[in-house]
Amino acid sequence: MRRRLVFRSLVFTSFLAPLVACATGVDTSGPLDDSGSPFDARRDDASPDTGSGEAAGDDASGDDATSAEASASETSTSDGAPHDASPHDGSTADSSKADSSTSDAGGDGSVVGQPAVGDLVITEVMFDPSGTEPQSEWIEIYNLAATARLLSGLTLQDGLPRTHVIASNPQVVAPPHAYVILARDQATAVANLVPAAAIVYEYGTGLSSGQGIQLANGTTGGVSLWNGGTELTNVPYGGWGLDSNGHAIELKPLAYAGSDTKANWCQAQNPWTTGSDDGTPGAASDCP
């Protein structure tokens, strides 16, 4: 009798189980966990729900791609502000491709070019001053270019020849369309009333009278300016017969192309200021 009741109970339970599963929506065909309940592979402990699902992952990937594109198209300036690395005017943003003939020598944004033939010309030479030689000697250079030209690194040469490379600390620059003075000794030149504002360099600093560039009065007299092995301007005045104490020699106006020819030079006849020697240091020639 008891066996019949147990058998009937099992049959009844087997009959009700599918009905209960259908009503509750539980899949009894899948694997069971340790408690005997069906295992749900999507439970939190198996795959944490971030609340955004796969769509959130797609959005994150999109954001990363957008950030990468932004980083590729923009760079940062020194103050951290982004700027366009590809100018729309067709110019390149690669500074290494900039014209090597120019530089910002002064650090103020102005363009300073390396001198080429025809840019600079020696326009006046005081080789026989009334004061002490060679300390009182000086040379005037004119920049014909429309932009500044770098004198630092150029070589000054006298007629012997002795040479002197113009120093770079600080940079020595000739402004556009301007006359500048290279003095053997700046203090002596100023004492002889050469305009201090026109003096950009002294080439005899710390040298004795027998050293360095010297502007001879005889047939060996001469001075030239070189950029490496290229002669920029030359005045071979020795033997021209223009030697005269206290008078500079000046290049005639509009004669820059023939600066190495005697016919294009004159002997200064007028003092540049009261009590000075004759010449026009830092100014245009007064040749007739």
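As the structure is a computational prediction, the values presented were derived from the model and not from experiment. (Residues numbered from 1 in each chain as written. Predicted model: local features only at pLDDT ≥ 70, side-chain atom pairs only at ≥ 80, totals over all residues. Heavy atoms only, no water.)

Within the chain one finds three helices and 16 strands. The buried share of the chain, reckoned over its 288 residues, is 31%. Sequence-distant contacts, at least 24 apart, represent 57% of the contacts inside the chain between residues at least 6 apart. Summed over all atoms, the accessible surface of the chain reaches about 16800 Å², with 54% contributed by carbon and sulfur. (Helix = DSSP H or I, 4+ residues; strand = E, 2+ residues; numbered from the N terminus. Buried < 20%, exposed > 50% of the residue type's maximum accessible area, 1.4 Å probe, protein only. Contact = heavy atoms within 4.5 Å. Areas by Shrake-Rupley, 256 points an atom, 1.4 Å probe, with all protein chains shown as cover.)

Glancing now at the environment of glycine 282. You can see glycine 282 is positioned in the segment after strand 16 (265-267). Of the residues examined, glycine 282 reaches a relative accessible area of 30% and is grouped as partly exposed. Taking the C-alpha atoms as reference, glycine 282 lies 7.1 Å from proline 195; in sequence the two are 87 residues apart. Setting aside anything within four residues of it in sequence, one finds glycine 282 in contact with Glu140, Tyr179, Ile181 and Ala198.

Quick look at the pairing of strand 14 (residues 230-235) now. If a strand is regular, its side chains alternate between the two faces of the sheet. As paired strands, strand 13 (residues 223-227) and strand 14 are joined by five bridges and run antiparallel to one another. Each residue of the ladder has a partner; that of asparagine 227, found in strand 14, is threonine 230. (Pairing = 2+ DSSP bridges.)

Turning to unusual backbone geometry, a few remarks are in order. Between glutamate 133 and the following residue, proline 134, the backbone shows a cis peptide bond with an omega angle of 0 degrees. Assignment of secondary structure puts proline 134 in the loop between strand 5 (120-126) and strand 6 (138-143). Cis peptide bonds are those with omega within 30 degrees of zero, and the linkage from asparagine 169 to proline 170 qualifies with 5 degrees. Relative to the assigned elements, proline 170 resides in the loop between strand 9 (163-165) and strand 10 (173-174). Even without being glycine, histidine 177 reaches a positive phi, approximately 50 degrees.

Turning our attention to the sheet that holds strand 9. With antiparallel pairing, the four strands of this open sheet are ordered in space as 9-8-13-14. Two strands bound the open sheet, and with one partner strand each, they are strand 9 and strand 14. On average, each strand axis in the sheet is tilted by 20 degrees relative to the strand beside it, whichever way the strands run. Bridge count between strand 8 (residues 155-158) and strand 13: four bridges; the pairing is antiparallel. By the bridge assignment, leucine 156 is partnered in strand 13 with leucine 225. (Axes fitted to C-alpha atoms, helices over the stretch in contact; angles between N-to-C directions.)

Mapped onto the elements, isoleucine 139 comes out in strand 6. Each C-alpha atom of the pair isoleucine 139 and alanine 248 lies 9.4 Å from the other, and the pair is 109 residues apart in sequence. Residues contacting isoleucine 139, with those up to four places away along its chain left out, are Ile122, Glu124, Leu156, Val180, Ile181, Leu182, Tyr203, Leu215 and Val223.

Counted under the stated rule, the structure contains five aromatic pairs. For the pair tyrosine 142 and tyrosine 179, a centre-to-centre distance of 4.5 Å together with 45 degrees between the ring planes defines the contact as tilted. Here tyrosine 179 lies in strand 11 (residues 179-183) and tyrosine 142 lies in strand 6, a separation of 37 residues in the sequence. Ring centres 5.6 Å apart and planes at 10 degrees place the aromatic pair tyrosine 142 and tyrosine 256 in the stacked group. Residue tyrosine 142 is located in strand 6, and its partner tyrosine 256 is located in the loop between strand 15 (249-251) and strand 16; the two are separated by 114 residues in the primary sequence. Judged by relative accessible area, tyrosine 142 falls into the buried class, the value being 13%. Owing to a relative accessible area of 24%, tyrosine 256 belongs among the partly exposed residues under this scheme. Put simply, the rings of Tyr142, Tyr179 and Tyr256 touch in pairs and so form one group of aromatic residues. (Phe/Tyr/Trp six-rings, centres within 6.5 Å; stacked < 30°, edge-to-face > 60°.)

Once that is clear, we can look at the side chain of glutamate 140. Note that glutamate 140 resides in strand 6. Lysine 252 provides the closest opposite charge to the buried, unpaired glutamate 140, separated from it by 15 Å. There is a polar contact of 2.8 Å between the side chain of glutamate 140 and the backbone nitrogen of glycine 282. Residues contacting glutamate 140, with those up to four places away along its chain left out, are Val121, Ile122, Thr123, Glu124, Tyr179, Val180, Ile181, Thr280, Pro281, Gly282 and Ala283. (Lys, Arg positive; Asp, Glu negative; His and termini not counted. Salt bridge = Lys/Arg side-chain N within 4 Å of Asp/Glu carboxyl O. Polar contact = N/O pair within 3.5 Å; in protein donor to acceptor, adjacent residues only side chain to side chain.)

Detailed reading of the predicted coordinates is not advisable wherever pLDDT is low. This prediction gives the chain a mean pLDDT of 75; 62% of its residues lie at or above 70. For the stretch residues 1-100, pLDDT sits under 50, and the model shows 30 contacts to residues farther than four places along the chain or on other chains. (pLDDT = per-residue confidence, 0-100.)

So, on to the sheet that holds strand 6. Here we have six strands laid out as an open sheet, ordered 12-11-6-5-15-16, and mixed in their pairing. Two strands close off the open sheet at either side, each with one partner strand: strand 12 (199-202) and strand 16. Pairs of neighbouring strands in the sheet enclose a mean axial angle of 25 degrees, with direction left out of account. Note: strand 5 against strand 15, two bridges, orientation antiparallel. Bridge pairing in strand 15 places valine 125 opposite isoleucine 249.

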